[in-house]
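The residues making up each chain are set out below.
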Amino acid sequence: MAKQYETVIGLEVHVELATKTKIFCGCSTAFGGAPNTHTCPVCTGMPGSLPVLNKKVLEYAVAVGLATNCTITRYCKFDRKNYFYPDNPQNYQISQLYLPICRDGGVEIETAAGKKTVGIHEIHMEEDAGKLIHDEWEDCSLVDYNRSGVPLIEIVSEPDMRSAEEVIAYLEKLRMMIQYLGASDCKLQEGSMRADVNLSVREAGAAGFGTRTEMKNLNSFRAITNAIEGERERQIELLEAGKKVVQETRRWDDAKGESYAMRSKEDAQDYRYFPDPDLVPVAVSDEWLAQIKAAQPEFRTEKMARYQAEYDIPDYDIEIITASKRMADLFEETVKLCGQPKKVSNWLMGETLRLLKEKGMEPEDIRFSPEHLAGLIRLTDEKAINSTVAKEVFEMMFEEDIDPEKYVEEKGLKTVSDEGALRRAVEDVISANPKSVEDYRNGKEKAIGFLVGQTMKAMKGKAEPGMVNRLLKELL
Amino acid sequence: MANIISDETIEYVGILAKLELSEEEKEAAKKDMGRMLDYIDKLGELDTEGVEPMSHVFAVQNVFREDVVTNGDMREEMLQNAPGEKDGMFMVPRTFE
């Protein structure tokens, strides 16, 4: 009988914090600036410059630690991780090795197999590196330090996961909590959340762990799932062939569906950590911790309970809407404006989710404002537009956040409520389609659908279907 | 000298520091490093039982910045420190993973 293997997975998740400035200097963290326009002597590693910790970074890190049931290190400090690479101008990264800010936590995940807790070994604060671009023309590399010094937290899990499904459940849970906290937008595609997968296999029932590899360059849930399955297969094949798994860092190529061993950042991986003498230790007082605790937002469980009490919408809607902080905020703000929870929920659960899925977008990418969604609902309530036009307008809102009221006005999409005009259109359709009219009169009820369609076409979609139906029946 | 630095150690330290040392330089560095370690060993003679490891020379803690942007665009100044420049970026020798 073939051997049974178990996959053992631990994750290192880097999350870019939503601060306005970098971790150790007053440079902006805004995305997309021209190269090196957000740099200063500190984040380009100039001798004599002095890093000073951004207070907000510590508060976000502690907030994430509290949300993931960690013990907060009340006296923590920063260490230097030494390595040479041009994206790292100091030749060391400021990180935390000896006293990370959070330790020994865990989050509960739910999969088809049931609930389980994934342990969190530690969370530490560190700085991001710059971006390297390779210039083929000049045969050199170019560096943009705008990202250098952007604050990150690294969340290191215990090796508690056994499948890709558990890994995704864990990442989704982390992402939701961090988004609820407002500590990051956690976009995998844009790199504000990055996951490195540590994976090993062992024979089912074995007590020890197998040799693990670390997989990098995973920027979607799909890539993570593919990489886990690919690496599991690769390791099992090696073991079955009597070979050994080599402990190394591998880069996943999702297009090719395979990984390859990365050239290491230096010949020897020896980071020679030591305490950073430029940064003073951080002591988290009882009062400060209490303040951060008190400022924790309403999390999903509380939000769900409140929605059940406050809004008359189905539990299923509540579950879907609260799964994303962005959706929940949009829902609440729109309801505040128009007072119609069920209608708001219908737009979010229906068209919004459909378009997000179709375009491969996340709720965080939604561009339309609560004001505009409320405006669209008002237009449909007043029967100023019919549901087909409303969907068209919504698609425009989804694309460009247009003002629906202005748009409908400008494009002349308002429903024609002038009964005279509609009556004339219906009369024209009747005289132009004698065959269908005869079918209808001979008892073929369905023929009226064709006539309604023809009328709508003549009215360029701007008629109230109810009224068209009534007029047709009357005139036939 | 109590601490003898082996050829392998000096080779390894050289790799970490990205230094290419001649045979002569290696011998000199081995001696220097041995002497430094002897000096550090001296500190080991002290009784540090119950003394907390020091993390900073000054008795200072909790020095923070507020999360407010204070720096403007300093690109031109920063690029003056660059070994080379192209398209507003620091030009460095070709590096790849």
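Residues numbered from 1 in each chain as written. Chains lettered and ligands numbered in written order. Predicted model: local features only at pLDDT ≥ 70, side-chain atom pairs only at ≥ 80, totals over all residues.

### Observations regarding the overall build of chain B
Put simply, the rule reads: Secondary structure follows DSSP: runs of H or I at least 4 residues long count as helices, runs of E at least 2 residues long count as strands, and numbering of each begins at the N terminus. Radius of gyration: over C-alpha atoms. The globule rule applied is 2.2 Å multiplied by the number of residues raised to the 0.38 power. Burial is judged by counting other C-beta atoms within 10 Å of a residue's own C-beta: 20 or more means buried, 12 or fewer means exposed, and anything between counts as partly exposed, with every C-beta placed from the backbone.
Secondary structure summary: chain B contains 3 helices and 3 strands in total. Each helix and strand of chain B, placed in order from N terminus to C terminus, yields the pattern α-α-β-α-β-β. In terms of overall dimensions, chain B is more spread out than a globule: its C-alpha atoms have a radius of gyration of 22 Å, far above the 13 Å expected for 97 residues. Along the first, second and third principal axes, the C-alpha atoms of chain B reach 55 × 45 × 25 Å. A burial count over chain B gives 7% of its 97 residues as buried.

### Quick notes on the overall build of chain A
Which entries qualify depends on this criterion: Contact definition: two residues whose C-beta atoms, as placed from backbone geometry, lie within 7 Å.
When you go through chain A residue by residue, the secondary structure sums to 15 helices and 17 strands. Computed over C-alpha atoms, the radius of gyration of chain A comes to 29 Å, more than 25% over the 23 Å expected from 2.2 N^0.38 for 476 residues, which places it beyond the range of a compact globule. Seen through its principal axes, chain A has C-alpha atoms that stretch 90 × 60 × 60 Å. For chain A, with 476 residues in total, the buried portion stands at 36%. Within chain A, counting contacts between residues at least 6 apart in sequence, those at least 24 apart form 70% of the total.

### As for the sheet that holds strand S16 (residues 274-275) of chain A
All names here are of chain A. Cut-off, in case you're wondering: Here, any two strands with at least 2 DSSP bridges between them count as paired.
Read across the sheet, 3 strands follow the order S6-S5-S16 without closing on themselves; strand pairing throughout is antiparallel. With partners counted over all chains shown, the strands left at the sheet margins are strand S6 (92-95) and S16, one partner each. One ladder, built from 2 bridges, connects strand S5 (residues 79-82) with S16; its direction is antiparallel. Paired with Asp79 across the strands is Pro275, a residue of S16.

### A look at the nonpolar core
Residue and element names in this part refer to chain A. Threshold: Each nonpolar core comprises buried Ala, Val, Leu, Ile, Met, Phe, Trp, Tyr and Cys residues, the members being joined through C-beta atoms within 7 Å.
Core analysis: the biggest nonpolar cluster contains 63 residues, and Val15, Ala61, Ile123, Ile153, Tyr170 and Val197 have the highest contact counts within it. When residues of this core are assigned to their parent elements, the largest contribution, 7 residues, is made by helix H1 (residues 55-67). Here Ile123 is in contact with Ala61, Val64, Gly65, Cys70, Pro100, Ile101, Cys102, Ile153, Glu154 and Ile155, once residues within four sequence places are set aside.

### A few points about the domain arrangement of chain A
Where we set the bar: Domain start and end points were adopted from an automatic or database domain assignment.
Domain boundaries assigned for chain A yield domain 1 (5-288), domain 2 (298-410) and domain 3 (419-475). Of note, the centres of domain 1 of chain A and domain 3 of chain A, computed from C-alpha atoms alone, are 64 Å apart.

### A look at the confidence of the model for chain B
All names here are of chain B. The line we're drawing: Think of pLDDT as the predictor's per-residue confidence, scored from 0 to 100.
Here chain B averages 90 in pLDDT, and 97% of its residues register 70 or above. Averaged pLDDT values over the elements of chain B bottom out at 89 in helix H1 (residues 7-16) and peak at 96 in strand S1 (residues 64-65). Quick note on the complex model: pTM equals 0.80, ipTM equals 0.86.

### Some details on the interface of chain A and chain B
On the side of chain B, 36 residues touch chain A, which itself brings 44 residues to the contact. When residues of the side of chain A that touches chain B are traced back to their parent elements, those giving at least two are strand S2 (53-54), H1, strand S9 (131-135), strand S10 (140-144) and strand S17 (282-283) of chain A. As paired strands, S2(A) and S1(B) are joined by 2 bridges and run parallel to one another. Within the sheet, the bridge partner assigned to A:Asn54 lies in S1(B) and is B:Arg65.

### Here's the deal with the sheet that holds strand S2 (residues 85-86) of chain B
Here 4 strands make up an open sheet; going across it, the order is S9(A)-S10(A)-S3(B)-S2(B) and the pairing antiparallel. Strands at the two margins of the open sheet, each flanked by one partner only, are S9 of chain A together with S2 of chain B. Looking at chain direction, S9(A) and S10(A) are connected through 5 bridges and run antiparallel. What sits directly across from A:Ile133, in S10(A), is A:Leu142.

### Concerning the packing of helix H8 (residues 341-358) of chain A against helix H10 (residues 387-400) of chain A
Residue and element names in this part refer to chain A. To be explicit about the condition: For helices, the axis comes from a line fit to the C-alpha atoms of the stretch in contact; other axes are also lines fit to C-alpha atoms, and the angle between any two N-to-C directions lies between 0 and 180 degrees. Roughly parallel means an angle under 35 degrees; roughly antiparallel, over 145; roughly perpendicular, 65 to 115; everything else is oblique. It is the rotation of the near helix from the far one that decides the hand of a crossing: anticlockwise by less than a right angle makes it left-handed, clockwise makes it right-handed. Throughout, the ten residues Ala, Val, Leu, Ile, Met, Phe, Trp, Tyr, Cys and Pro are labelled nonpolar, Asp, Glu, Lys and Arg are labelled charged, and all others, Gly among them, are labelled polar.
Here H8 crosses H10 at 60 degrees, and the two axes come no closer than 11 Å. As summarised for this structure, H8 and H10 are arranged oblique, according to the angle between their axes. Here the hand of the crossing between H8 and H10 comes out right-handed. Between H8, through Trp347, Glu351 and Leu355, and H10, the contact on the second element is made entirely by Lys391, Phe394, Glu395 and Phe398. The residue inventory of the contact of H8 with H10, partitioned by class, reads 4 nonpolar, no polar and 3 charged.

### A word on the pairing of strand S11 (residues 151-157) of chain A
Side-chain positions along a regular strand alternate between the two faces of the sheet. All names here are of chain A. Here S11 lies mainly inside the structure; 5 of its 7 residues are buried. Here strand S1 (residues 5-16) runs beside S11; their pairing, made up of 5 bridges, is antiparallel. Across the sheet, the residue bridging to Val15 is Ile153, located in S11. Taken together, the 7 bridges between strand S8 (residues 114-127) and S11 define a ladder with antiparallel strand orientation. If you follow Glu122 over to S11, its bridge partner there is Val156.

### As for H1(A)
All names here are of chain A. To be explicit about the condition: Here the expected span of a helix is defined as 1.5 Å times the quantity of residues minus one.
For H1, which comprises 13 residues, the first-to-last C-alpha distance of 19 Å matches the rise-based estimate of 18 Å (1.5 Å per residue) to within 8%. When you tally the buried positions in H1, you get 10 out of 13 residues, the bulk of the element. If you check which residues of H1 are buried, you get Lys56, Val57, Leu58, Glu59, Tyr60, Ala61, Val62, Ala63, Val64 and Gly65. Downstream of H1 by one or two residues, Asn69 has phi in the positive range, about 60 degrees.

### Examining the environment of A:Val197
Residues and elements named next belong to chain A. Structurally, Val197 can be placed in strand S12 (residues 193-203). We classify Val197 as buried; it has 24 C-beta atoms within 10 Å. For the pair Val197 and Ile9, spaced 188 residues apart in sequence, the C-alpha to C-alpha distance is 6.9 Å. Val197 has contacts with Ile9, Leu11, Met215, Leu218, Ile224, Ala227 and Ile228, leaving out every residue within four places of it along the chain.

### Quick notes on unusual backbone geometry
Non-glycine residue A:Arg272 carries a positive phi angle of around 45 degrees. If you trace the backbone, A:Arg272 turns up in the loop between strand S15 (258-261) and S16. In this structure, B:Asn62 is a non-glycine residue whose phi angle is positive, near 55 degrees. Relative to the assigned elements, B:Asn62 resides in the loop between helix H2 (23-44) and S1.

### Let's talk about the environment of A:Arg354
All names here are of chain A. Mapped onto the secondary structure, Arg354 falls in helix H8. Given 13 C-beta atoms within a 10 Å radius, Arg354 is considered partly exposed. The spacing of Arg354 and Ala241 is 113 residues in sequence and 47 Å in space, taken between C-alpha atoms.

### Brief notes about the packing of helix H5 (residues 300-310) of chain A against helix H6 (residues 315-322) of chain A
Angle between the axes and distance between the axes: these two values describe a pair of packed helices. All names here are of chain A. The interhelical angle for the contact between H5 and H6, taken along N-to-C directions, is 145 degrees, at an axis separation of 10 Å. Judged by the sense of rotation from one axis to the other, the crossing of H5 with H6 is right-handed. Each of Arg300, Lys303, Met304, Tyr307 and Gln308 in H5 lies in contact with H6, whose residues at this interface are Asp315, Ile318 and Thr322. A class-by-class count of the residues in the contact of H5 with H6 yields 3 nonpolar, 2 polar and 3 charged.

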